Amino acid sequence: MVVPESQEKMYYPPVELQRNAHVPDFNSYLVMYKKSLENPEAFWREVADEFFWKKPATGPMLQHNFDMTKGNIFVNCMEGAKTNMCYNVLDRHVKEGKLGEKVAYYWEGNSPDHHMTITYRQLLSHVCRCANVLKQMGVKRGDRVSIYLPMIPELIVTMLACARIGAVHSIVFAGFSSESLCERIMDAQSSVLVTAGKLLQHQTYAICLDVTCCCTRRSSGVTTCLVIKHQAQRTRTGTSCNKLQTPWESERDVWWDEVMRDSPDECEPEWMDAEDPLFILYTSGSTGKPKGVVHTVAGYLLYTSLTFRYVFDHHPDDVYWCTADIGWITGHSYITYGPLANGATSVLFEGLPVHPHVGRFWEIIEKYKVTKFYTAPTAIRLLMKYGQEPLRKYDLSSLRILGTVGEPINPEAWRWYHEVVGQGRCPVVDTFWQTETGGHVLTPLPAATPLKPGSATFPFFGVEPAILNEHGEELEGVTEGYLVFRKPWPGIMRTIYKNQELFENTYFRKFPGFYVTGDGCRRDKDGYYWITGRIDDMLNVSGHLMSTAEVEAALMLHQSVSEAAVVSRPHKVKGECLYCFVTLKDSKEFNCKLVEDLKRLVREKIGPIATPDFIQNAPALPKTRSGKIMRRILRQIARNEKDLGDLSTLADPKVVEVLFNQRSEAA
Ligand code: WTA
C-alpha cells in the first residue's frame with residue numbers, strides 16, 4: 001500500500017479533527033493496520049479486554065479455514081469464552097461505567113410531535129422486562145424470535161431482550177410483504193413473532209403491514225404473537241397498515257403493554273458461548289431464495305464495536321445518527337450493537353427523509369446537534385433534488401463526520417454531501433461492507449485517510465483484500481477484478497442458517513482460500529479500492545440488495561406470463577431500478593392493466609422496494625444455444641445501448657431487433 005500521491009483532487013482530514021482522533025493520521029493507520037495483520041492475536045485480544053467475559057477464552061482469538069479443498073469452511077473466535085452481548089452493551093455501562101443517566105437514544109417519530117428520550121438505565125430496565133416476558137412465553141436459549149416492527153424503541157428493546165436470554169433474533173424489514181415475512185419465519189422456525197398493530201374494534205386488530213396470512217397460516221408455526229400498540233401507522237416505505245385486519249386470537253396474541261407492565265425488571269443474562277448465534281438476518285440469494293446469514297456473539301461484538309469507534313471516530317459527547325432501518329444489517333451493526341457497545345448517544349428515527357417536509361433530516365440534525373451522520377447514497381441523491389434551500393434554514397454546524405453505505409456513491413452526490421451538507425468541513429466515510437461481513441471492511445478513517453470521492457479507500461484493521469481475475473489469479477498493482485478477502489475478521493458471518501453447504505458454495509467455491517464478496521473492484525495507482533458493483537445476478541435498488549431471480553419468480557406467478565427476465569437500469573435517485581422483460585403465454589395481451597397487475601404482484605410478493613419501474617413485452621428473450629438468457633444483452637436494451645458487440649452465441653439474433661423496436665413503449 002502506498003501513501004497517496006495522486007494528482008486528482010484529494011480531500012485531506014481537517015486538522016481540528018486530527019487533534020483528538022483515535023487514529024490521527026495516515027501513518028498511524030498504516031502502523032495499526034500492519035500490526036492487525038502481523039499479530040491478529042495481540043490486536044484482537046486488546047480489543048476484547050475492555051469487555052466482560054464470564055469465562056476467558058481457552059482458544060486463540062481467531063481460527064479459520066477458507067479453503068474448501070482442505071475441509072469444512074469455519075471461523076472461530078475466542079473458543080471457550082463465555083459472555084453476554086446485552087450485558088456488554090447495557091449492564092457494563094450502567095453498572096461499571098456509570099453511564100446510567102446517559103441518553104442511549106433520542107427517538108424521533110414519523111410525526112415531529114412524537115419523540116422520546118431513553119437513557120441507558122431505562123433501556124436496561126425495559127430490556128429485562130421484555131426478556132422476562134419472552135421467557136414467560138417459553139422462549140429459551142437458542143430459540144428463534146421473529147421481529148417485524150417499524151423503527152420504534154421497542155424494536156431495540158426486543159432485540160436486546162433476545163440477546164439477553166440467548167434467543168436468536170430474526171428481524172424482518174417492515175417494508176417486506178407478509179409473504180416474505182412468512183417465508184423467513186418458516187425458515188427460521190420461530191414460534192414467537194413480535195409486531196405492531198392497533199385495536200380497531202372488538203376482537204379485531206390491524207397489524208403493522210399485513211401479516212394476516214402469516215399469522216393465521218398454521219404452517220408459519222407462530223404460536224405467540226406479541227403485539228405493540230402503535231398509533232403512527234406509517235413505515236419507511238410509506239405502507240399504511242390500517243387496511244389489514246386480523247381477528248384477535250387470545251390463544252396466540254398478547255398485547256405488549258399488558259405483559260410488560262407486570263414483568264419484573266431484573267433478569268440474569270444467559271452466559272453464552274463466544275460462538276453461539278446472536279442473530280439471523282436474511283439477505284437476497286442469487287437463486288431467489290433468501291439466505292439466513294448467521295452472526296455470533298463474541299466476534300460480532302468486537303468487530304461492530306471497533307469499527308464504530310474508529311470509522312466514526314467516536315467520542316463520549318457525540319450525538320450520532322444512522323438513518324438506516326434496523327431491518328437491515330446497517331441498523332443491526334450501527335444503530336444497535338456498535339453504538340451501544342461504545343456507550344454512544346444515538347438518534348433513532350422512525351420517519352422518512354421528506355416527510356412532513358423536505359428539510360426533515362436537517363431539522364433533526366439541528367434539533368439534537370448531531371455530530372456524526374450516516375446515510376445512504378440514495379437518500380443523498382433524493383435530497384439533492386431539492387437544492388440547497390431546505391438546508392439553509394437549519395444550523396448544521398454541529399456536524400463533524402458524514403458517512404455513506406449501501407451502494408457506490410457517484411462523485412457528484414459525494415461532493416454535494418461534502419460541500420453542502422458538511423459545509424466542506426466534514427470528511428465523508430464511504431463504508432463498503434455487506435450483511436455477510438457484519439461490519440465495515442473497506443473504509444476511510446476520518447482523521448487519517450485522504451479521500452477520493454467514490455472510493456471506499458482502504459481496508460479496515462484485520463481485513464486483507466485481494467483482487468482476482470476469472471481464473472483465480474491474484475492481480476497486483478493497478479487492476480480490476482473480483483473483490484475477495486484472504487482471511488476472516490471477528491465479525492464475518494459463520495454460516496447460512498441450516499445450510500452450511502449453500503454457505504460454502506456461495507462464498508468459497510469459486511476461489512478456494514478466499515471469501516468471495518460478489519462485487520467487482522478496481523485498485524488505482526495510489527492503492528485506493530473502488531467498488532464497481534455486483535458481478536452476480538444481484539441488483540441494488542436504493543441500497544437494497546435483491547436478486548433478479550426473486551423478482552422473476554414473482555412475475556412468473558401471473559397466469560399470463562410464461563417467462564420473465566429482470567435486469568437493472570441506472571436510476572437518478574435509486575442508483576439502479578428494475579427493468580423487466582416478460583414473455584406472455586399464447587393469446588395473452590400485453591396492456592396497461594397487465595403492467596399494473598404485474599407491478600402489484602411483485603409488491604405483494606416481495607415488498608414495495610421491489611416494484612418494477614419498467615415492464616416490457618418480450619415476444620422472445622435472447623438466449624444462447626444452450627438456452628441461457630443473455631442478460632448482458634437485456635441490460636443493453638434496457639439502457640438503449642445500441643452497440644451490442646458479439647451476438648454470435650445467440651440462438652436467434654433477430655430477437656434483439658424486435659426487443660429494441662418495442663422498447664419505446666416500455667419507457
Ligand atoms: C453494496 C449493506 C459500494 C455492495 C451494508 C455490497 C456498496 C452490497 C457499499 C451489500 C459501498 C454496500 N460502496 N457498494 N460503500 N456498501 N455496497 O448486504 O454491492 O445489504 O455487496 O449490506 O451493497 O449489501 P447489504
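Check the entry above for the structure.
Here's a quick rundown of the structure.

Calculation notes
Residues numbered from 1 in each chain as written. Predicted model: local features only at pLDDT ≥ 70, side-chain atom pairs only at ≥ 80, totals over all residues. Heavy atoms only, no water. Helix = DSSP H or I, 4+ residues; strand = E, 2+ residues; numbered from the N terminus. Contact = heavy atoms within 4.5 Å. Salt bridge = Lys/Arg side-chain N within 4 Å of Asp/Glu carboxyl O. Axes fitted to C-alpha atoms, helices over the stretch in contact; angles between N-to-C directions. Parallel < 35°, antiparallel > 145°, perpendicular 65-115°, else oblique. Left-handed = near helix turned anticlockwise from the far one by under 90°. Nonpolar A, V, L, I, M, F, W, Y, C, P; charged D, E, K, R; others polar. Buried < 20%, exposed > 50% of the residue type's maximum accessible area, 1.4 Å probe, protein only. Pairing = 2+ DSSP bridges.

### Thoughts on the side chain of Ser547
In this structure, Ser547 sits in strand S27 (residues 544–547). Other than its neighbours up to four places away in sequence, Ser547 contacts Ser284, Gly285, Ser286, Gly288, Asp537 and Met538.

### Here's the deal with the pattern of salt bridges
If charged atoms from side chains of opposite charge come close, those side chains can pair. Using the criterion set out here, one finds 35 salt bridges in the structure. Lys34 is paired through a salt bridge with Glu38; the nearest N and O atoms lie 3.7 Å apart. Residue Lys34 and its partner Glu38 are both found in helix H2 (residues 26–38); the two are separated by four residues, about one turn of the helix. One salt bridge connects Arg360 with Glu363, and the closest N-O pair in it is separated by 3.0 Å.

### Regarding the packing of helix H6 (residues 153–165) against helix H11 (residues 329–341)
Between H6 and H11, the shortest axis-to-axis distance is 12 Å and the interhelical angle comes to 60°. When the axis of H6 is compared with that of H11, the two are oblique. In the crossing of H6 with H11, the sense of the turn from one axis to the other is right-handed. Contact residues: Ile156, Met159, Leu160 and Ala163 in H6; His332, Ile335, Thr336, Tyr337 and Leu340 in H11. For the contact of H6 with H11, the residue count by class is seven nonpolar, two polar and no charged.

### Some words on the pairing of strand S4 (residues 103–108)
Of all six residues in S4, five are buried, a share of seventy percent or more. Bridge analysis of S4 against strand S5 (residues 115–119) gives five bridges, and the strand direction is antiparallel. Counterpart to Glu108 in the pairing with S5 is His115. In this antiparallel pair of consecutive strands, S4 and S5, the connection spans six residues. Pairing of S4 with strand S17 (residues 345–349), which is carried by four bridges, proceeds in the parallel orientation. Looking across to S17, one finds that Glu108 is bridged to Phe349.

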